[in-house]
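Structural overview
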Amino acid sequence: MDHFLYRDGILHAEDVALPEIAAAVGTPFYCYSTATLERHFRLFQEALNPLPNLVCFAMKSNSNQAVLRTLANLGAGMDVVSGGEYLRAKAAGVPGDRIVFSGVGKTRAEMRQALAGGIRQFNVESEPELMALSEIADGLGLTAPIAIRVNPDVDAKTHEKIATGKSENKFGIPIARAREVYALAASLPGIEVVGIDVHIGSQLTDLEPFHQAYAKVAELTSVLRAEGHDIRRLDLGGGLGIPYERSNSAPPLPLEYGQLIKDTLGHLDCEIEIEPGRLISGNAGILVSEVIYVKEGEGRDFLILDAAMNDLMRPSLYGAHHDIVPVVEPAAAAETRGFDVVGPVCETGDTFAKQRALPHLSPGDLVAFRSAGAYGAVMASEYNTRPLVPEVLVKGDQFAVIRPRPTFDEIINRDTIPSWL
Ligand code: LLP
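Everything numeric here is computed off the predicted structure, so don't read it as measured data.

1. Some words on helix α1 (residues 18-25)
Within α1 the residues assigned to the buried category are L18, I21, A22 and V25. With its buried residues spanning 100° around the axis, α1 presents them on a single face. Within α1, the exposed residues directed more than 90 degrees away from the buried face are A23 and A24. G26 sits one or two positions beyond α1 and adopts a positive phi of about 85°.

2. Side note on the layout of surface pockets
Its boundaries defined by the atoms lining it, the largest pocket holds a volume of some 580 Å³. Together, 30 residues line the largest pocket, and K60, T164, H199, S202 and Y375 are the ones closest to its centre. For the lining of the largest pocket, the class distribution of residues is 11 nonpolar, 9 polar and 10 charged. Shared between two domains, the lining of the largest pocket holds at least three residues of each, these being domain 1 (4-31 + 282-412) and domain 2 (34-280).

3. Concerning the packing of helix α2 (residues 34-48) against helix α9 (residues 254-265)
Remark: α2 packs on α9, axes separated minimally by 8 Å, with the N-to-C direction vectors making an angle of 30°. For the element pair α2 / α9, the angle class is roughly parallel. For α2 against α9, the interelement crossing comes out right-handed. In this structure, α2 uses L43, F44, A47 and L48 to contact α9, whose residues at the interface are P254, L255, Y257, G258, I261 and K262. Its residues placed into classes, the contact of α2 with α9 shows 8 nonpolar, 1 polar and 1 charged.

4. A few points about the site of the ligand
In the vicinity of the ligand, 18 residues are found, and the nearest of them are S202, E275, R314, Y318 and Y375. Between the ligand and R314 there is a distance of 2.6 Å, counted from an oxygen atom to a side-chain nitrogen or oxygen. Measuring from an oxygen atom of the ligand, one finds a side-chain N or O atom of Y375 at 2.6 Å. Summarising the interface, the protein chains cover 91% of the accessible area of the ligand, which totals 590 Å² for the free molecule. Given that more than half its atoms are within 2 Å of the pocket grid, the ligand belongs to the largest pocket. A class-by-class count of the residues in the shell around the ligand yields 6 nonpolar, 6 polar and 6 charged. Two domains each donate at least three residues to the shell around the ligand, and these are domain 1 (4-31 + 282-412) and domain 2 (34-280).

5. Quick look at the sheet that holds strand β1 (residues 4-7)
Pairing is antiparallel in the open sheet, where 3 strands are placed in the order β1-β2-β3. The two strands at the open ends of the sheet, each matched to only one other strand, are β1 and β3 (16-17). With 4 bridges connecting them, β1 and strand β2 (residues 10-13) associate as antiparallel partners. The partner of F4 across the bridge, within β2, is A13.

6. Overview of the domain arrangement of the chain
What the domain assignment reports for the chain is domain 1 (4-31 + 282-412) and domain 2 (34-280). Averaged C-alpha coordinates put domain 1 and domain 2 at centres separated by 32 Å. Facing 23 residues of domain 1, the contacting portion of domain 2 comprises 25 residues. Between domain 1 and domain 2, a total of about 2,100 Å² is buried, with carbon and sulfur atoms accounting for 50% of that surface.

7. Details of the environment of E125
In this structure, E125 sits in the loop between β8 (121-124) and α6 (127-140). Linking E125 and G105, residues 20 residues apart in sequence, is a C-alpha distance of 8.3 Å. Here E125 is in contact with G103, V104, R149, F171, G172 and I173, once residues within four sequence places are set aside. Only 2.9 Å separates the side chain of E125 from the side chain of R149, close enough to count as a polar contact. Polar contacts involving the side chain of E125 include one to the main-chain amide nitrogen of G172, which spans 2.8 Å.

Rules used throughout
What you see as residue numbers is a count from 1 along each chain, following the sequence as written. In keeping with the predicted nature of the model, local features appear solely for residues at pLDDT of at least 70, side-chain atom pairs appear and are counted solely at 80 or more, and the whole-chain, interface and lining totals rest on all residues. Side-chain figures throughout are based on the complete set of non-hydrogen atoms in the structure, without hydrogens or water. Throughout this description, buried means an accessible area under 20% of the type-specific maximum (1.4 Å probe, protein chains only), exposed means over 50%, and partly exposed covers the range between. The secondary structure listing takes helices from DSSP runs of H or I that are at least 4 residues long and strands from runs of E that are at least 2 residues long, numbered from the N terminus. As used here, the arc belongs to the directions running from the helix axis to the C-beta atoms. Think of a 1 Å grid over the protein atoms and nothing else: a 1.4 Å probe that fits but is trapped marks a cavity, an open set flanked by protein within 12 Å on at least five of seven lines marks a pocket, and residues with an atom within 4 Å of a point count as lining. Grid points are joined across faces, edges and corners, and a volume is the space filled by probe spheres set on the points. Only Asp, Glu, Lys and Arg are considered charged in this grouping, and only Ala, Val, Leu, Ile, Met, Phe, Trp, Tyr, Cys and Pro are considered nonpolar; every other residue, Gly among them, is considered polar. Domain delimitation in this document rests on an assignment produced automatically or drawn from a domain database. Helix axes are fitted to C-alpha atoms over the stretch in contact, other axes to C-alpha atoms as well, and angles between N-to-C directions run from 0 to 180 degrees. Any angle between 65 and 115 degrees counts as roughly perpendicular, while under 35 counts as roughly parallel, over 145 as roughly antiparallel, and the rest as oblique. Two helices that cross are described as forming a left-handed crossing if the nearer one is turned anticlockwise from the farther one by less than a right angle, and a right-handed crossing if clockwise. Contact definition: two residues touch when any of their heavy atoms are within 4.5 Å. For this purpose, a residue is taken to be near a molecule or strand whenever a single non-hydrogen atom of the residue falls within 4 Å of it. Within 3.5 Å is the distance limit for a polar contact, defined as a pair of N or O atoms, with the added protein rule that one can donate a hydrogen and the other accept it, and that residues adjacent in sequence qualify only through two side-chain atoms. Accessible surface area values rest on a Shrake-Rupley calculation with a 1.4 Å probe, where residue burial reflects the displayed protein chains alone. A molecule is said to be in a cavity or pocket once over half of its atoms fall within 2 Å of that pocket's grid points. Strands qualify as paired when DSSP identifies two bridges or more between them. Accessible surface is computed with a 1.4 Å probe, and the buried area is the amount of it that two parts give up when combined, taken over both parts together.

Right, dumping it as C-alpha cells:
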C-alpha cells in the first residue's frame, strides 16, 4: 500500500495534488511520500519484534538526506557502501553507531574515515580487505567491529544483475571457508568480530532463497561460537521484493519475512540487523513526467515524454517494468491502446515500455511512473546535458523540494577548459 491515490480524479501524493507540484517545480520530478516511507520502515520493525534488532536502510536505493532523516527519526540505521554515503548519512544526522559499512571494494581512505567518524560495523568481504582494515584500525589505535559477509551459494532467483549469493558472484567469502577467515580475523590486531553478514540479492519475490541462506547462517553461528568467536549480531542483508506490476504480483510481506527470520535464527539470541532498501523506498516514490508528443509511427504509436533513461535507468538497464499511470484518472470505461513509451534521448534504449496499454493522452498531460522511489533518482545522470531530475518530499498537505533541478549554468560551469585551449 502507498499514498499515491486518485482523489476527485487527480492523482495525489498524500494530500497534495501532483499537478500542483508540477506547476511549482516543472517536470520531470521525483516525488516521495513520507507516510509511505514511515509505514514501510515500521513494517520491518514490527516484523522483527520482539527480537533485538536494527533496521538499516540500504541508502543506495535512495540517499536524499530528507529521506534519510525521515527514517532516522524513527530509529533507522543506515547501510552504506561508500565514503560518500557514509558522509551523507552523518550529514542527515545518523550517528556512527547506527551505520554499517558494506561493499566489496572499501578503500583505505574510506576505512579511515568511518573509523574516525564512528561505525557500528564493517561487513568485510575478503581476506585482503580484512588485512587492510586491521592495519588501518591498528594504526589509528582503534578497533574495527566486523562481520564477515559469507556467500551461501544459493540461487536468489532474481535478475542476474542483482543476484549476489551464488558462488560465481564477486560478493563475500564462500561459506565453506568461513571458519578459516574468522580464525584469521581473531588473530589480527585492530579487529573485533561481532557477527556474520549475508546478502543474497535484490528484488526477491520468494522466501525460499532467504530460508536456505539463513539456515546456513544459523548453522555457521553455532560452528563459529564453538570455536570461540563471539557471534552476537547477524546482518541478514536486504532484498525483499516489491510488487512492480500491481496487476499480477504479490511478493511476500515483511511480516512473513520476519517470521522466517524468527523461525530460522530466533533461537540464537543474536541481535538481528537487516538492510532493506527497495521495500522501504520503492513504492514510496514516483516519477512524474509530461507528455511532449504523441507520435504515430509505422504500426505503432509512441508516447514521447520529457523524462528519459537518464532520469530512470531501470527499464533500459534491467528491462524493468514500472507501472505508468495518467495523473488525471481515466474514466472506468475509457478505451486504451498500446504505446511505446519513450524519452527524448538519442538511443533506442531510451524506452520505458513497449506496447503499454494506456488511455488517450495528449501533449501537456502528466503521467506518473510508480515504484520509482528506489534506484531511481540515485541512478540518474545528466546524460545529454539533461539536468539531474529534482526530488520533492510530501508530508500530509505540505511539500518541499529536497533536491532542486540544477540550472544550465551550474551544469555547464562545472567543466573547466584547460589553459592550452
Ligand atoms: N544490502 C546489500 C549489501 C546490497 O548490496 C543491497 C542491494 C541491499 C542491501 C539492498 O537491497 P534491496 O532491499 O534494495 O533489494 N539497482 C538495482 C538494485 C541493486 C541492488 C544492489 N544491492 C535495481 O534498480 O534493481
